[in-house]
Amino acid sequence: MSLYIDLTEFLTNPITTGIQRIAGEICKYLPLGKAVPICLHEGRYVALSPKLIAAVGRFFAAGGSVHVDEIRRLGAPGNGHPITISSTSDIVLVPEVFMESRRLHFFSEMPDSILHRHRFIVYDLLPATHPQYFWPEMMPAIFAYHKILRRAICCGFISEDTRNQYYARLVRTNERGGIVLPLGADAFGPRATHSLRNRPLTFSIVATIEPRKNHHLILEAFEPLWRQIAGLQLLFIGKVGWVSSEFAQKLRELAVTNSGFHQYSECGDDAIRNHVQKSRATIYVSSAEGYGLPPVESLWVGTPVIASTTIPSLKGLGSDGIHFVEPLNAADLTQAVLSFLKDDYANRKAEETLRVNLPTWRSFTQEVLRWCLSD
Amino acid sequence: MSGIIYVDLQCLQDPECGLSGISSYLANLLEARRRREWWANWKTLGIVDPARSTLLPQHLSLVDEIIHSANPCVTGATAIYINGAPMTHDLHYRLRFQSHPKYFRVAVVHDLPLPESIEHLALCDRIEYLARLAWLRKFDFYFSTSAYAATQLSELLAVPLDKIETAVPEAEDTADLFWNAIEERGEHRGGLAVISRHQRPRLAFLSPNPPETSEAACFYAMAAANRNRFDADVFAGALIGPTPLVGDYDAVVSILANDLPHARLRDVVERYGGPCIVNDARLTDIDFRRVSPFMVQSLTQQALVKQNYAIDAGVLTSCPTVLLEDQELTDAGREMARRRLGTPAETYLVACFDGISQQHRTETCILALEFLRSWNIPAVLYFAGAATPYRSELEGIAVQYNIAEFVHYSSRVASETAYRDLLAAADAGVQIRPYGFGKPTVPLSNCIASGLPTVANLDAAKSCDAPAYVHTVPDVSSPLLVAEQLALLWEAKTDRRCHAAERADYLQTHNFKYYGQRLIEVLGIA
């Protein structure tokens, strides 16, 4: 039996952010020789050098700044050899989401007997369940991708929510299968061993700026506070995604006119960790998520989280280090921020973060490996 | 006595004439009216042509209100139209007033150029002169400022002498003579009600739709349904222009739709203003400043034009164009319709009555069908809309997902019989039209009127005042969301007769009679 890992998307676009991060973290923690990297080339799988996995791991460990040439060389299809997946013994792990038409076609045409040897990691079904947050033009490709997932018989889900959505809505059954594979919280380095007390009055949001992340609501909650509380800082950390031109303009104006507001669209991991660690709390009140990495990453580095109750990654963690806002509205969000302005409360919540049980990328990779090899 | 005096102020807008004798004369007349008790309950509206210069400040107070429209509705009030310079300025701009038999039309005549004096003019100018003479003859009363002008009126235009009052400009009481003469007609000569109303209001619709299209057909149908309430003529396509403005209509209503830009209709709206039914709440590049009343077909549109353009619009309603008979909705009627379509009883027949296009998200419907089939729901999808080049792309998608045999298209726009069969036979409708901006959709109205449980996007449902048996999906939807709602309808297996009460409520206010009633109410001519 061979275990393959399909890195087609990563090799096309080797970056350390977005969905590529998961493939990278797996490569980082995958034991040597456990899996063969493959990519799709001219309608066939091509097996690549096992050294590629280690190279990808190093690429991620270094924050993406080095090893690109090595990845390109080892990942060149010409340096590999075509393979045929056995319908009885091989397993192919597909840790990527793909919308590219040739890849969609490849899987669409694949016989069930081969498709069933694939292990797909399912991140979310948001374009189908919350289409208002996505471009309508994506719909046919999304549908095709979800159709492939529906044909697959063995999927791993990054959250219980995603698994429920898949079975209850996409497949429309009461049965539940597959496995839940919580993502690692430790991308920003070692876990905090002690909590920083009496931090500055700073609150951070790590997320792409797009409607479902509710940045507008956060601004609404902060506007009355800025007038009352000297030194209150709000940081938006993340690229500007698709937002209305009015909101984009509002952000630009705020950045100029309000000394309590800062927007960082290009931040490395170290800078993000630094901002988060110096914050009283991070805020994560997204309306729809497949998982929600930023809040667990915040807890990992010892910073409490103000969150909505619907964030899948926080479900089952209890309330240590977390301040849930329910119902989610600007007034209640304002109250949550006010709570954290009190040193006692903020320090206590920061202390609580140290005892939250969080998954790591190593544990995630081990779970993935166990799942793939359990056939 | 009370009423409205429309005063043509074009002569006061002319920079050269603004302070001339003609203008001063008119200004004096208007000032004199204020001193006379008889006119205390009358309102004066000054007709101004926005294409000309603005009025001088001292002239603004001559009337109670300035109007920039040359196409007002003829309301129930007694109305007088006064023109102080009938042989000058833009004849077309005032035709609606000057030609309308319901106004008591008063011309102040200073002088008439003799026919022989125009011999040197170019042909078009001569025609213009003759046209002015012809229209001058239609006035109901002439106030001649000289005996010579009175003679000209009598001899040249054969105006009866009892319609002419003569005064000399030098006389101190000229203005009083003028008003005395009109008052006398109001008191003693059968009133000013030349102004006899038609038994029913008469309306003209200017529609950009070619007569054969369903949208234009709606207005014919609406007019037919209101035969007892008003008479109507529809001017469509090439017939559009200012011509209806000279007709004996109580209102000349323009109908505007963004998807059918019509240069001549646009000209009418921009030049003459007047009542306008706007089918699309996105007011692109037409100048609506002279439109009154501004009418829309849904509360959503009303809110949008208020929010985006600060326009207060009157709301009419939306209407189904196909109403099934009770017999067609019985079990037997539905079974017969299904037999004609060749659809077995156990099949879940989902019908889409919109056109096949990307705009109507037809692809979403087909992919939703794929979900339904994958959930073991025996669904088939019928399209009543016309085939378009887009259809072959859709067929490819259906083949790709192995559902081609479950998708049925009309070869062209379904005949009315086929359309009715589909409405009767369907178990559910699906109408997704996310670009509506509050515009009601006739196909969805037809589904609602048939009591057919339907899945529609939020904007379409809201715009049609959809009852609860219309299940909604977001405007930016997905095949999954549409399929889920269709699956719920399938699982509920509700007999559409259980929606009878809601359907009846809907039909109370969504029919052409109600549309007509609302229309004349909003126009103020009920």
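Residues numbered from 1 in each chain as written. Chains lettered and ligands numbered in written order. Predicted model: local features only at pLDDT ≥ 70, side-chain atom pairs only at ≥ 80, totals over all residues. Heavy atoms only, no water.

J.: Sorry if this is basic, but what is going on with the overall build of chain A here?
T.: Secondary structure summary: chain A contains 16 helices and 14 strands in total. Since a compact globule built from 375 residues should have a radius of gyration of about 21 Å, the 22 Å found for chain A is in line with a globular shape. Principal-axis analysis of the C-alpha atoms places the extent of chain A at approximately 65 × 40 × 35 Å. Among the 375 residues that make up chain A, the fraction classed as buried is 54%. Restricting to contacts in chain A with at least 6 residues of sequence separation, those with at least 24 account for 73%. Accessible area of chain A: about 15,800 Å², with a carbon and sulfur share of 52%. Distance between charge centres in chain A, computed from 38 positive and 36 negative side chains, equals 3 Å. (Helix = DSSP H or I, 4+ residues; strand = E, 2+ residues; numbered from the N terminus. Rg over C-alpha atoms; globule rule 2.2 N^0.38 Å. Buried < 20%, exposed > 50% of the residue type's maximum accessible area, 1.4 Å probe, protein only. Contact = heavy atoms within 4.5 Å. Areas by Shrake-Rupley, 256 points an atom, 1.4 Å probe, with all protein chains shown as cover. Lys, Arg positive; Asp, Glu negative; His and termini not counted. Charge placed at Lys NZ, Arg CZ, Asp CG, Glu CD.)

J.: Help me understand the overall build of chain B, please; the structure alone is not making it clear to me.
T.: The secondary structure content of chain B amounts to 19 helices and 19 strands. Across its three principal axes, chain B shows a C-alpha extent of roughly 95 × 45 × 40 Å. Every one of the 526 residues in chain B was classed for burial, and the buried ones make up 56%. Summarising the internal contacts of chain B: among those between residues at least 6 apart in sequence, 71% fall at separations of at least 24. Split by element, the accessible area of chain B, about 21,800 Å² in all, is 53% carbon and sulfur. Distance between charge centres in chain B, computed from 47 positive and 62 negative side chains, equals 3 Å.

J.: What is the right way to look at the environment of I164(B) in this model?
T.: All names here are of chain B. Here I164 shows up in strand β7 (residues 164-166). Of the residues examined, I164 reaches a relative accessible area of 11% and is grouped as buried. For I164 and A181, which are 17 residues apart along the polypeptide, the C-alpha to C-alpha distance reads 9.4 Å.

J.: Hey, could you run me through the sheet that holds strand β9 (residues 202-206) of chain A in this one?
T.: Strand pairing in a sheet is mediated by backbone hydrogen bonds. Such pairs are either parallel or antiparallel. Residue and element names in this part refer to chain A. One open sheet holds the six strands; their spatial order is β11-β10-β9-β12-β13-β14, and the pairing between them is parallel. Looking at the sheet topology across the chains shown, the edges are occupied by β11 (261-264) and β14 (322-325). Between one strand axis and the next, the sheet turns through 25 degrees on average, direction left out of account. Examined bridge by bridge, β9 and strand β10 (residues 233-237) share five bridges and lie parallel to one another. Within the sheet, the bridge partner assigned to S204 lies in β10 and is L235. (Pairing = 2+ DSSP bridges. Axes fitted to C-alpha atoms, helices over the stretch in contact; angles between N-to-C directions.)

J.: I'm lost on the interface of chain A and chain B in this one. Help?
T.: Taken residue by residue, the interface counts 17 residues in chain A and 19 residues in chain B. Buried surface at the junction of chain A and chain B, both sides included, amounts to about 1,600 Å², of which 62% is carbon and sulfur. It is M139(A), F143(A) and R172(A) that lose the most area in chain A upon contact with chain B, and together they represent 40% of the buried surface on that side. Viewed at the interface, chain B and chain A are joined by four salt bridges. Between E370(B) and R150(A) there is a salt bridge, and its shortest N-O distance comes to 2.6 Å. The set of elements that each furnish at least two residues to the side of chain A that touches chain B consists of α7 (126-129), α8 (139-151) and α9 (160-170) of chain A. (Buried area = accessible area lost by both parts, 1.4 Å probe. Salt bridge = Lys/Arg side-chain N within 4 Å of Asp/Glu carboxyl O.)

J.: Looking at this structure, how should I read the packing of aromatic side chains?
T.: For any two aromatic rings, the description comes down to two numbers: the centre-to-centre distance and the angle of the planes. All chains considered together, the criterion is met by 40 aromatic pairs over all chains. Here F340(A) and Y345(A) contribute two aromatic rings whose centre-to-centre distance is 5.1 Å and whose plane-to-plane angle is 80 degrees, an arrangement assigned as edge-to-face. The burial state of F340(A) is the same as that of Y345(A); both residues are buried. Both rings, one in F104(B) and one in F141(B), keep their centres 6.5 Å apart while their planes meet at 20 degrees; by these two values the pair is stacked. Taken together, the residues span a long stretch of sequence, with F104(B) in strand β5 (residues 104-109) and F141(B) in strand β6 (residues 141-144) at a distance of 37 residues. For F104(B), a relative accessible area of 4% puts it in the buried group. The structure contains a cluster of three or more aromatic residues connected by ring pairs, namely Y45(A), F98(A), F106(A), F107(A), F120(A) and Y145(A). We note R373(B) situated over the ring of F406(B); from NZ or CZ to the ring centre the distance is 3.5 Å. (Phe/Tyr/Trp six-rings, centres within 6.5 Å; stacked < 30°, edge-to-face > 60°. Lys NZ or Arg CZ within 6 Å of the ring centre and 35° of its normal.)

J.: Help me out: how do you make sense of helix α5 (residues 123-136) of chain B in this one?
T.: Structural remark: α-helix, 3.6 residues per turn; residues separated by three or four positions point the same way. All names here are of chain B. Compared with the 20 Å implied by 1.5 Å per residue over 14 residues, the 20 Å span of α5 between its first and last C-alpha is a close match. Of all the residues in α5, the buried ones are Y129, R132, L133, W135 and L136. Here the buried face of α5 lies against α4 (95-98), β5, β6 and α6 (147-157). (Expected span 1.5 Å × (residues − 1).)

J.: How should the sheet that holds β6(B) be read in this particular structure?
T.: Residues and elements named next belong to chain B. If you trace the seven strands from one edge of the open sheet to the other, you get β3-β2-β1-β4-β5-β6-β7, paired in parallel fashion. Unpaired on one side and paired on the other, β3 (65-67) and β7 mark the two borders of the sheet. Averaged over all pairs of adjacent strands, the angle between strand axes in this sheet comes to 25 degrees, irrespective of strand direction. Of the strands in this sheet, β1 (3-8), β2 (42-47), β4 (79-83), β5 and β6 are in contact with helix α2 (residues 21-34), which crosses β1 at around 165 degrees.

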